[in-house]
Number of protein chains: 2
Amino acid sequence: MSQPVYYLDHAAATPIDERVLAVMRPYFSEKFYNPSSPYAPAVAIRKEYEDAKHILAQTIGAKGDELVITAGATESINLAIHSVQGHIISSSIEHHAVLKAVESREHTLVNPNKKGTISADAVKLALRSDTELVSVQLANNEIGTIQPLRDIAAVVLAERARRVEVGDSRPIYLHTDASQGFGQIDVNVARLGVDMLSLNSGKMYGPKQVALLWCKPGVRLSPLVLGGGQERGLRSGTENVAGVIGFAEAARLAHKQRKSESVRLMEIRDTMQKKLVDAFGEMILLSGNQKKRLPGSLHISLPGIDGERLVFSLESEGVFLATGSACAANQGTRSHVLTAIGMSDAEADGSLRITLGKLSSEKSVAEATEIIIRHVKKEMERMHA
Amino acid sequence: MSQPVYYLDHAAATPIDERVLAVMRPYFSEKFYNPSSPYAPAVAIRKEYEDAKHILAQTIGAKGDELVITAGATESINLAIHSVQGHIISSSIEHHAVLKAVESREHTLVNPNKKGTISADAVKLALRSDTELVSVQLANNEIGTIQPLRDIAAVVLAERARRVEVGDSRPIYLHTDASQGFGQIDVNVARLGVDMLSLNSGKMYGPKQVALLWCKPGVRLSPLVLGGGQERGLRSGTENVAGVIGFAEAARLAHKQRKSESVRLMEIRDTMQKKLVDAFGEMILLSGNQKKRLPGSLHISLPGIDGERLVFSLESEGVFLATGSACAANQGTRSHVLTAIGMSDAEADGSLRITLGKLSSEKSVAEATEIIIRHVKKEMERMHA
């Protein structure tokens, strides 16, 4: 059976772009050498690895030697959080990678407003004299809300200036988990005003199990993994050459296509949203900040509907989407994001997370929308029968 | 220019076996789903992932759910060492991944004998009442010596029994870094008698940046990376499905071919060794335990020769080998392994590490041997000119 597949879950995983796989290919076979080996082909691979890091860094407005390559955004985030000893401010709607790492430390979680926005004022209120890190996501992985990082950066900058003035040498950094949004919105470290940034290859059509942590010069990291001294001693282990070559190509492609792709996704998303609103009127709840949202994100709730049941019924027609984020910590529990934005249990339980991306053509999303409408109506009839 | 390549550095890196890459291929594209997603194709991938872990575990005589998948042996080793708080015994000839992780803790490093063997008696002498971990490599990555892990395991077992007898509940575990040797010698956790074992895919013709830490049931790990709760909460981050599928296939192939491959490598290695001894007589020093050595390992020293210079001159004829291990920590410094076995500076500086593997045919190694002999003779003439 080869029914069409409607993949509406790009925030959970993305397939590798064939062009990315093509540039990786030689590094699996003839270019397999250890980049720390002394002979010429290995030295050449070392250079290609460093060059790829440079290209990768450029896509976020940084330099190659400011990156630490890790094995995933979760590791990058843990490394960033491990860099400080003092109090940490984060938000209650971060990914579990941030939440779990932060929870093992002295911390304050700031709550979002109903739209899922973390305000700079809320961060400011949470500041303590011993705060050393603020970690706020670039965009939420469930409801798509884009956070006002520039405003939060201004708060951090002002606190840093205050400390300098009073002769307090305690550092304070701003880290952002940028796992969601690259290729859809501008991700430039200077424009965002952050000191550290985690970015994941596996969510941007690059290979999985590769990520980076960018650190502004001057930020001192404390390694989680010790050994051969790779990545300037900050992350030991033989370099993942194929992975980084692929990550760089994926980032380059995503960066290049960002403007056209974000317009394309927004149009398809808005059309889908309009059809759903037309079909369900006041029964549908749209979540996330409607004005500051990832172009490919659409989060809807149909209170009374069983979202999980709906996900399984949609699957039978090849429509793949999620109720919440795909992560082991989320299974069988209500989304902490939806709770934090004040959703009732019925609203949360009737939620669908739709995240569009490269696999979303205008036609396929239109078809998927019809299928969703049909299945939701059937569910509603079943409930009222 | 396409001159033949004679790769004699399998301990540094191995190319992916084409059969391994073939089984990985679908997981880059159509099977890209996040294994934590709820829809059927993602659930199927979860199962395939768990099945691969099971196959992988079987090759070391273990069960799939006893493995924690990591992003490299360095991470596995760090995770193992992070599992205990107390005193650690290790050896002075471990890989830097072990040494650096151990050095950050209360520890004792046991010295090898001249053959590079870590004796069980030496471990016994280093035991303290607060020792919680003994970490000894399966085989040395530079000189190939295979360690008497069963004997060391007996020491650990006796200490454990003694503690039980006196009512001391402090645990003591034996970990081995088995990065070198899988596919050449028997690696079975029960027969080795270990409690934890680190194993690397990238050294056995599998994908790089994948490894495992096997833990005997009852060993309690403390995660280095927190987040979504993957790998039973012991190593969060979206699963590296393609990597594990490839690792399992690489391990299966290496396990299946081990007996014939080890005989093949030993014959080629012994022939090479004999030719070198015939050519240089008493001027050549053979290192490592000649009776308990990895079949593909041959470590020679030609005191007075500049090994680094020789490596570069051999490279011009396509012979790729190393002076020491390929790792950033080793660059420009003398090998800590050779120092530990009591080599003089002249002997260490005149060393070549030859590690054979799948790319070593009888013919290619014979040719490489002739090239090595020719270049060494030229160096000797140059020195005496």
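Scoring rules and cut-offs
- Residues numbered from 1 in each chain as written.
- Chains lettered and ligands numbered in written order.
- Predicted model: local features only at pLDDT ≥ 70, side-chain atom pairs only at ≥ 80, totals over all residues.
- Heavy atoms only, no water.
- Helix = DSSP H or I, 4+ residues; strand = E, 2+ residues; numbered from the N terminus.
- Rg over C-alpha atoms; globule rule 2.2 N^0.38 Å.
- Buried < 20%, exposed > 50% of the residue type's maximum accessible area, 1.4 Å probe, protein only.
- Areas by Shrake-Rupley, 256 points an atom, 1.4 Å probe, with all protein chains shown as cover.
- Lys, Arg positive; Asp, Glu negative; His and termini not counted.
- Charge placed at Lys NZ, Arg CZ, Asp CG, Glu CD.
- Domains from an automatic or database assignment.
- Contact = heavy atoms within 4.5 Å.
- Buried area = accessible area lost by both parts, 1.4 Å probe.
- Salt bridge = Lys/Arg side-chain N within 4 Å of Asp/Glu carboxyl O.
- Polar contact = N/O pair within 3.5 Å; in protein donor to acceptor, adjacent residues only side chain to side chain.
- Pairing = 2+ DSSP bridges.
- Axes fitted to C-alpha atoms, helices over the stretch in contact; angles between N-to-C directions.
- Least-squares fit on C-alpha atoms with pLDDT ≥ 70 in both.
- Arc of directions from axis to C-beta.
- Core = buried A, V, L, I, M, F, W, Y, C linked by side-chain atoms within 4.5 Å.
- Parallel < 35°, antiparallel > 145°, perpendicular 65-115°, else oblique.
- Left-handed = near helix turned anticlockwise from the far one by under 90°.
- Nonpolar A, V, L, I, M, F, W, Y, C, P; charged D, E, K, R; others polar.
- Phe/Tyr/Trp six-rings, centres within 6.5 Å; stacked < 30°, edge-to-face > 60°.

A word on the overall build of chain A. Across its full length, chain A carries 12 helices and 12 strands. The C-alpha atoms of chain A give a radius of gyration of 22 Å, which matches the 21 Å a tight globule of 385 residues would have. Summarising its shape, the C-alpha atoms of chain A cover approximately 70 × 55 × 35 Å along the three principal directions. The burial tally for chain A puts 62% of its 385 residues in the buried class. Accessible surface computed for chain A: about 14,600 Å², of which carbon and sulfur atoms make up 54%. Considering chain A, the positive charge centre built from 45 side chains and the negative charge centre built from 44 side chains are found 3 Å apart.

All names here are of chain A. By the assigned domains, chain A splits into domain 1 (6-14 + 259-384) and domain 2 (18-254). The C-alpha centroid of domain 2 is placed 28 Å from the C-alpha centroid of domain 1. Each partner contributes to the interface: domain 1 provides 34 residues, whereas domain 2 provides 31 residues. Considering only the surface of domain 1 that becomes buried against domain 2, Thr14, Leu294 and Ile341 emerge as the three largest contributors, covering 25% of it. At the junction of domain 1 and domain 2, the tally comes to zero salt bridges. Remark: the boundary between domain 1 and domain 2 carries 15 residue pairs in polar contact (both at pLDDT 80 or more).

Attention now moves to the side chain of glutamate 142 of chain B. All names here are of chain B. Counting through the fold element by element, glutamate 142 comes out in the loop between β5 (131-135) and α6 (149-166). Among buried Asp, Glu, Lys and Arg side chains, glutamate 142 stands out as unpaired, with arginine 353 the closest opposite charge at 6.2 Å. A polar atom in the side chain of glutamate 142 sits 2.7 Å from the side chain of serine 335.

Once that is clear, we can look at the interface of chain B and chain A. Each partner contributes residues to the interface: chain B has 58 residues there, and chain A has 58 residues. For chain B, the biggest contributors to the area lost against chain A are Phe32, Tyr39 and Gln209 of chain B; these three give 14% of the whole. The interface formed by chain B and chain A holds two salt bridges in total. At the boundary of chain B with chain A, the tally comes to 16 residue pairs in polar contact (both at pLDDT 80 or more).

Moving on to the sheet that holds strand β7 (residues 196-200) of chain B. Residues and elements named next belong to chain B. With respect to topology, seven strands assemble into an open sheet ordered β2-β8-β7-β6-β5-β3-β4, the strand pairing being mixed. The two strands at the open ends of the sheet, each matched to only one other strand, are β2 (67-70) and β4 (107-110). Between one strand axis and the next, the sheet turns through 20 degrees on average, direction left out of account. Here strand β3 (residues 87-91) runs beside β5; their pairing, made up of four bridges, is parallel. Each residue of the ladder has a partner; that of isoleucine 88, found in β5, is leucine 133. Taken strand by strand, helix α3 (residues 73-81) contacts β2, β3, β5, β6 (173-177), β7 and β8 (211-215), and its axis lies near 25 degrees from that of β8. Against the sheet, α6 engages β5 and β6, with an angle of about 160 degrees to β6.

Once turned by 180 degrees and shifted 0.0 Å along the axis, chain B lies on chain A with an RMSD of 0.0 Å. One copy is carried onto the other by what is essentially a two-fold rotation axis. Distance from the rotation axis, computed per C-alpha, reaches its smallest value in chain B at alanine 71 of chain B: 3.0 Å. A share of 100% of interface residues in chain B that are also interface residues in chain A marks the association as one of identical surfaces.

A separate point is helix α1 (residues 18-28) of chain A. Each α-helix turn comprises 3.6 residues. Residues three or four places apart therefore point the same way. Three or more residues of α1 of chain A are buried, namely Val20, Leu21, Met24, Tyr27 and Phe28 of chain A. Across the axial projection of α1 of chain A, the buried residues extend over an arc of 105 degrees, all falling on one side. On its buried face, α1 of chain A sits against α2 (40-58) and α8 (241-280) of chain A together with α1 (18-28) of chain B. The backbone nitrogen of arginine 19 of chain A lies 2.8 Å from a side-chain oxygen of the residue at the head of α1 of chain A, namely aspartate 17 of chain A.

This part is about the nonpolar core. Among soluble globular proteins, nonpolar side chains are generally buried collectively. The biggest cluster of nonpolar side chains holds 146 residues, and the ones touching the most others in it are Ile60, Leu197 and Leu212 of chain A together with Ile60, Leu197 and Leu212 of chain B. With residues up to four places along the chain from it excluded, the contact list for leucine 212 of chain B reads Leu56, Ile60, Leu67, Val68, Ile69, Thr70, Ser76, Leu197, Ser198, Leu199 and Phe247 of chain B. Formed by 43 residues, the second largest nonpolar core is a distinct cluster that contains Ile88 and Leu133 of chain A together with Ile88 and Leu221 of chain B.

In this section: the environment of arginine 191 of chain A. Residues and elements named next belong to chain A. By secondary structure assignment, the location of arginine 191 is in helix α7 (residues 189-192). In this structure, the C-alpha to C-alpha distance between arginine 191 and glutamate 367, residues 176 residues apart in sequence, is 38 Å. Beyond its immediate stretch of four places on either side in the chain, arginine 191 contacts Arg150 and Asp186.

Moving on, we get to the pattern of salt bridges. Any two side chains of opposite charge can pair, on the condition that their charged atoms come close. All names here are of chain A. Going through the model one piece at a time under the given rule, you end up with 56 salt bridges over all chains. A salt bridge links aspartate 345 to arginine 334; the shortest N-O distance between them is 3.2 Å. Of this pair, aspartate 345 sits in helix α11 (residues 345-349) while arginine 334 sits in the loop between β11 (319-320) and α10 (336-340), and the two are 11 residues apart along the sequence. Owing to a relative accessible area of 41%, arginine 334 belongs among the partly exposed residues under this scheme. Salt bridges sharing common partners tie together Asp17, Arg19 and Lys358.

Residue and element names in this part refer to chain A. Strand order in the open sheet formed by seven strands is β2-β8-β7-β6-β5-β3-β4, with mixed pairing between adjacent strands. The two strands at the open ends of the sheet, each matched to only one other strand, are β2 (67-70) and β4 (107-110). Across this sheet, the average inter-strand angle for adjacent strands is 20 degrees, counted without regard to direction. Taken strand by strand, α2 contacts β2 and β8 (211-215), and its axis lies near 110 degrees from that of β2.

For the rest of this paragraph, the subject is the packing of α1 of chain B against helix α8 (residues 241-280) of chain B. Residues and elements named next belong to chain B. Axis separation between α1 and α8 bottoms out at 8 Å; the angle between their running directions is 160 degrees. Judged by the angle between their axes, α1 and α8 are roughly antiparallel. Once α1 is placed against α8, the crossing between them reads as right-handed. Side by side, α1 and α8 meet where Arg19, Val20, Val23, Met24, Tyr27 and Phe28 of the first sit next to Val241, Ala242, Gly243, Ile245, Gly246, Glu249, Ala250, Leu253 and Gln257 of the second. Looking at side-chain class alone, the contact of α1 with α8 contains 10 nonpolar, three polar and two charged residues.

Okay, the packing of aromatic side chains next. All told, the structure shown has 15 aromatic pairs over all chains when counted by the stated rule. Ring centres of tyrosine 7 of chain A and phenylalanine 32 of chain B lie 4.8 Å apart, and the angle between their planes is 85 degrees; on these two criteria the pair is classed as edge-to-face. Taken as a pair, tyrosine 7 of chain A in strand β1 (residues 6-7) and phenylalanine 32 of chain B in the loop between α1 and α2 (40-58) lie in two separate chains rather than in one. Residue classification places tyrosine 7 of chain A among the buried residues on the basis of a relative accessible area of 3%. Judged by centre distance (5.5 Å) and plane angle (55 degrees), the rings of tyrosine 33 of chain A and tyrosine 7 of chain B are tilted. Of this pair, tyrosine 33 of chain A sits in the loop between α1 and α2 while tyrosine 7 of chain B sits in strand β1 (residues 6-7), on two different chains. Neither tyrosine 33 of chain A nor tyrosine 7 of chain B differs from the other in exposure class; each is buried. Members of the aromatic cluster, connected to one another through ring pairs, are Tyr7 and Phe320 of chain A together with Phe32, Tyr33 and Tyr39 of chain B.

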